[in-house]
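Working through the structure, step by step
Spelled out from the first residue to the last, the chains are:
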Amino acid sequence: MAVRHNDKFGYCVNENSVLTFQFGGDSMADLEGRLFGRTPASLRTGHLVKVSGYNVLTRGVNDTEITDIRENIKSNRLLPEVIEKQVRIMYGLGLYVYRIEFDSDGKLVQRWVDCPPITEWLRSWNDCGITDDANDFALECIRRYYYFEDFFVKWRFFKGRAIGGLPVAGLELVENSRARLASEKELSPFGSYTYDDFTHVLVGDWRYRGDFSVYPLLRPQHIRRYDVAISHHANGDVDGIYGRNKAYDGSREWLLGANENPRFIRSFLRNSMAAKVHVIIPNEWVAAKRKQIQDLCEYNRKLKRENKEPVRYNGVEIGTDFHEGLVTQYTNIELERLTTYLSGADNQGKMFASFSFLGSKGEEVKWKIEQIDLKYKEYIESLISFDRRADEVLLSAKGIDPSISNVSKEGVISKSGSDAYYNYLLYLLQLPAPEKICCDAINMAVRANFPHLWRQGYMVGFYRPVPARQQEVSPDDRITSNQ
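Residues numbered from 1 in each chain as written. Predicted model: local features only at pLDDT ≥ 70, side-chain atom pairs only at ≥ 80, totals over all residues. Heavy atoms only, no water.

**Some details on helix 4 (residues 116-123)**
Applicable threshold: Exposed residues in this analysis have more than 50% of their type's maximum accessible area, buried residues have under 20%, and partly exposed residues fall in between, with area computed by a 1.4 Å probe over protein chains only. Helix and strand assignments come from DSSP, with helices taken as H or I runs of at least 4 residues and strands as E runs of at least 2, each series counted from the N terminus. In this context, the arc is that of the directions from the helix axis out to the C-beta atoms. It only takes one pair of heavy atoms within 4.5 Å for two residues to be counted as in contact.
Within helix 4 the residues assigned to the buried category are Ile118, Thr119, Trp121 and Leu122. For helix 4, the angular spread of the buried residues around the axis is 160 degrees, confining them to a single face. For helix 4, the exposed residues set more than 90 degrees away from the buried face come down to Glu120 and Arg123. Residues of helix 4 that are buried in the fold lie against strand 6 (95-102), helix 5 (134-148), strand 9 (168-174), helix 13 (440-449), helix 14 (451-455) and strand 20 (458-462).

This is the structure in structure tokens:
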């Protein structure tokens with residue numbers, strides 16, 4: 001048996017039944033706000049805080065934006081796998097070198113080429129003591145992009161670069177939750193600053209504000225000056241400095257609702273389709289019980305002086321000193337007794353009686369037990385309908401069609417291969433811009449290490465082979481022939 005209070009309202013749970021109660025006869029209009037209410041959504045715009053002599057830009061008002069995004073997405077049954085599918089599609093077969101050229105028809109094409117100097121450098125990262133190889137690093141950049149639309153990269157440099165060696169040994173990803181942009185300048189707290197005003201990156205545990213490591217924010221024109229530096233790569237935000245996951249922003253309430261919905265349904269079923277009874281406890285009853293308990297405490301003091309056993313009140317140890325907890329304890333016992341009488345398979349049709357008395361104005365005052373007419377079928381169906389709509393909104397926000405996300409859509413009877421094929425091609429057409437951001441750090445390093453190749457148009461990207469239509473494949477090599 002569990003009884004919980006929140007100001008004037010509360011609930012009592014017994015076995016598979018729930019009843020709610022309130023003190024006094026006021027309207028229940030504010031019940032949700034008091035018992036289950038939520039505070040308005042806070043603004044997510046960051047602000048400046050002073051840390052170790054630097055002006056640091058927070059991620060959101062409470063500096064919890066990264067944690068909120070990560071936990072809300074990971075708690076969803078749908079989005080983690082959808083994001084992983086986006087990661088796999090963009091990554092394709094991994095990092096390769098290409099050049100943008102004009103073909104014989106005058107059209108720009110991405111020509112994949114073999115470039116041993118760049119390829120050998122990408123494969124040498126582990127030999128230089130870098131934790132992840134280039135492909136693992138790129139894979140994590142894509143994942144951070146789809147979660148936060150920005151990421152931080154730590155640059156490792158060769159010591160022999162001053163005598164003609166390659167400057168960049170390799171790159172390491174820095175967790176978004178640990179990195180913050182910072183400035184040595186005295187910036188206005190009213191937001192009149194730009195990205196160029198930030199000169200450093202502070203890395204540490206922002207939950208406890210302990211020791212922080214300070215790194216210069218990398219500028220490509222000064223790349224040979226650093227011993228170690230951190231760069232920031234983001235999908236630009238029209239009114240912010242950091243990247244902004246716009247799909248998350250636009251569908252946040254739907255995402256939160258979708259995450260809470262299974263818990264609502266499970267709780268609804270576990271608690272016998274929620275509360276059926278609401279109890280109104282008059283204030284006069286509480287005042288009368290308080291007076292009785294106070295009198296009994298006084299009486300117990302007299303018995304104590306006479307070395308006699310103190311009295312109990314309805315199973316409650318009264319003692320000699322009154323405190324408000326005794327009233328709460330007594331009320332909880334009455335509520336438990338009421339719940340026991342009104343719930344359970346063996347208590348169908350039983351009645352509960354409570355003394356009534358006259359109030360201050362001469363009216364009869366007693367407990368009121370009101371039955372709640374719950375529409376079980378409508379409630380469950382409304383939750384399921386919301387769940388379906390939330391799935392549609394989340395997939396729409398991610399820009400990935402159900403035919404390639406493997407998420408069923410209401411009303412779709414069949415998915416043809418041509419539908420999936422052309423939706424996949426359309427999705428691939430959206431990837432160059434995100435790919436540019438995800439490969440930005442690697443291509444900056446290619447530019448620093450191989451400026452002559454960079455000037456010739458050599459770049460690094462993800463090679464994604466486009467599947468051929470079945471009618472373009474010989475009969476022996478078609479999928480149906482290989483099953």
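**Describing the environment of Met444**
Its place among the elements puts Met444 in helix 13. A sequence separation of 10 residues divides Met444 from Trp454, and the C-alpha atoms of the two residues are 9.6 Å apart.

**Comments concerning the nonpolar core**
So the rule is basically this: Remark: nonpolar core denotes a set of buried residues (Ala, Val, Leu, Ile, Met, Phe, Trp, Tyr, Cys) joined through side-chain atoms within 4.5 Å.
Of all hydrophobic cores here, the largest spans 62 residues; its most connected members are Ile118, Trp155, Leu171 and Ile442. A total of 9 residues in this core trace back to one element, the largest contributor, which is helix 5. Counting 20 residues, the second largest nonpolar core, distinct from the first, contains Val3, Leu19, Val286 and Val327.

**Focus on the sheet that holds strand 9**
Spelled out, the test is: Strands pair, by our definition, only if DSSP identifies at least two bridges between them. Each axis is a line fitted through C-alpha atoms, and for a helix only the stretch in contact is used; angles between axes span 0 to 180 degrees, taken between their N-to-C directions.
Ordered in space as 9-8-13, the 3 strands form an open sheet in which the pairing is antiparallel. Strands with a single pairing partner mark the edges of an open sheet, and in this sheet they are strand 9 and strand 13 (228-234). Ignoring which end each strand starts from, the neighbouring axes of this sheet average 30 degrees apart. When strand 8 (residues 150-157) meets strand 9, the two strands line up antiparallel, connected through 6 bridges. Paired with Lys154 across the bridge in strand 9 is Glu172. Contacting strand 8, strand 9 and strand 13, helix 13 crosses the sheet at an angle of about 165 degrees to strand 9.

**Quick word on the sheet that holds strand 20**
As summarised here, the arrangement of the 3 strands in space is 7-6-20, forming an open sheet in which the pairing is antiparallel. Each edge of the open sheet carries a strand with a single partner, namely strand 7 (108-113) and strand 20. When strand polarity is set aside, the average angle formed by the axes of neighbouring strands in this sheet is 50 degrees.

**Digging into unusual backbone geometry**
The residue Glu149 is not glycine, and still its phi comes out positive at about 60 degrees. Positionally, Glu149 belongs in the loop between helix 5 and strand 8. A relative accessible area of 10% means that Glu149 is categorised as buried. Not every positive phi belongs to a glycine, and Asn307 is a case in point at roughly 55 degrees. With respect to the helices and strands, the residue Asn307 is situated in the loop between helix 7 (283-305) and strand 15 (312-313).

**Structural notes on helix 9 (residues 376-398)**
Let me state the cut-off plainly: The length a helix should cover is 1.5 Å for every residue beyond the first.
The first and last C-alpha atoms of helix 9 sit 33 Å apart over 23 residues, in line with the 33 Å expected at 1.5 Å per residue. Along helix 9, the residues that are buried comprise Leu383, Asp387, Ala390, Asp391, Val393, Leu394, Leu395 and Lys398. Positive backbone phi, approximately 70 degrees, marks Gly399, located one or two places after helix 9.

**Quick look at the layout of surface pockets**
Basically, it comes down to this: We place a 1 Å grid over just the protein atoms. Points where a 1.4 Å probe fits but has no way out form a cavity, open points with protein on both sides within 12 Å along at least 5 of 7 lines form a pocket, and any residue with an atom within 4 Å of a point lines it. Grid points are joined across faces, edges and corners, and a volume is the space filled by probe spheres set on the points.
Considered as a void within the structure, the second largest pocket measures approximately 630 Å³ in volume. Surrounding the second largest pocket, 27 residues form its lining, Tyr98, Glu435, Lys436, Met459 and Val460 being those nearest its centre. Among the secondary structure elements, those contributing two or more residues to the lining of the second largest pocket are strand 7, helix 11 (417-428), helix 12 (432-438), helix 13 and strand 20. The element contributing the most residues to the lining of the second largest pocket is helix 13, with 5 residues.

**Remarks on the packing of helix 3 (residues 79-91) against helix 5**
Here is the rule we go by: Oblique is the label for any angle not under 35 degrees, not over 145, and not in the 65 to 115 range, which are roughly parallel, roughly antiparallel and roughly perpendicular in turn. Note on convention: the crossing is left-handed when the near helix lies turned anticlockwise from the far helix by less than a right angle, right-handed when the turn is clockwise. Ten residue types, Ala, Val, Leu, Ile, Met, Phe, Trp, Tyr, Cys and Pro, are classed as nonpolar, four, Asp, Glu, Lys and Arg, as charged, and the remainder, Gly among them, as polar.
Interhelical geometry of helix 3 versus helix 5 gives an angle of 135 degrees and a closest axis separation of 10 Å. Taken as axis vectors, helix 3 and helix 5 run oblique relative to one another. Taken as a pair, helix 3 and helix 5 cross one another with a handedness that is right-handed. The residues of helix 5 that touch helix 3, namely those facing Pro80, Ile83, Glu84, Gln86, Val87, Met90 and Tyr91, are Asn135, Leu139, Ile142, Arg143, Tyr146 and Tyr147. Here the residues of the contact of helix 3 with helix 5 are counted per class, giving 9 nonpolar, 2 polar and 2 charged.

**A closer look at the pairing of strand 7**
Here strand 6 runs beside strand 7; their pairing, made up of 6 bridges, is antiparallel. Residue pairing in the sheet places Arg99 in a bridge with Arg111 of strand 7. With antiparallel pairing between neighbouring strands as the criterion, strand 6 and strand 7 make up a hairpin whose turn holds 5 residues, including Gly106 at a positive phi of roughly 80 degrees.

**Re the state of the cysteines**
In a disulfide, the sulfur atoms of two cysteines are covalently bonded to one another. The cut-off we apply is this: Throughout, a disulfide means two cysteine sulfur atoms within 2.5 Å of one another.
On inspection of all chains with the given rule, the structure shows 0 disulfides. With no disulfide of its own, Cys141 lies 6.8 Å from the sulfur of Cys438, the closest cysteine sulfur. Residue classification places Cys141 among the buried positions, given a relative accessible area of 0%.

**Concerning the pattern of salt bridges**
Defined as follows: The rule for a salt bridge is simple: a side-chain nitrogen of Lys or Arg has to be within 4 Å of a carboxyl oxygen of Asp or Glu.
Under the definition given, this model contains 28 salt bridges. Of the charged contacts in the structure, one is a salt bridge between Arg77 and Asp391, with a shortest N-O distance of 2.7 Å. In this pair, Arg77 is assigned in the loop between helix 2 (65-74) and helix 3 and Asp391 in helix 9, connecting sequence segments 314 residues apart. On the accessibility criterion, Asp391 (16% relative accessible area) is buried.

**Considering a nonpolar patch on the surface**
Basically, it comes down to this: Within this analysis, patches are made of residues with over 30% relative accessible area and no salt bridge. Like charges are joined at 9 Å or less; nonpolar side chains (Val, Leu, Ile, Met, Phe, Trp, Tyr) at 5 Å or less. We get accessible surface area from the Shrake-Rupley algorithm with a probe of 1.4 Å; when it comes to residues, only the shown protein chains can shield them.
Residues Leu93, Tyr96 and Tyr463 make up a contiguous nonpolar surface patch of about 300 Å² in total accessible area. Within the secondary structure, Tyr463 is located in the loop between strand 20 and helix 15 (479-482).

**Digging into empty space enclosed by the protein**
Applying the stated criterion to the full structure yields 1 cavity of 30 Å³ or more. In this structure, the largest cavity encloses a volume near 70 Å³. As for the largest cavity, its lining consists of Ile73, Leu79, Ile83, Tyr146, Asn245, Ala247, Tyr248, Ser251, Leu255, Leu394, Ala397 and Lys398. Those elements that provide at least two residues to the lining of the largest cavity are helix 3, helix 6 (246-270) and helix 9. At 4 residues, helix 6 tops the list of elements feeding residues into the lining of the largest cavity. Here the residues of the lining of the largest cavity sort into 9 nonpolar, 2 polar and 1 charged.

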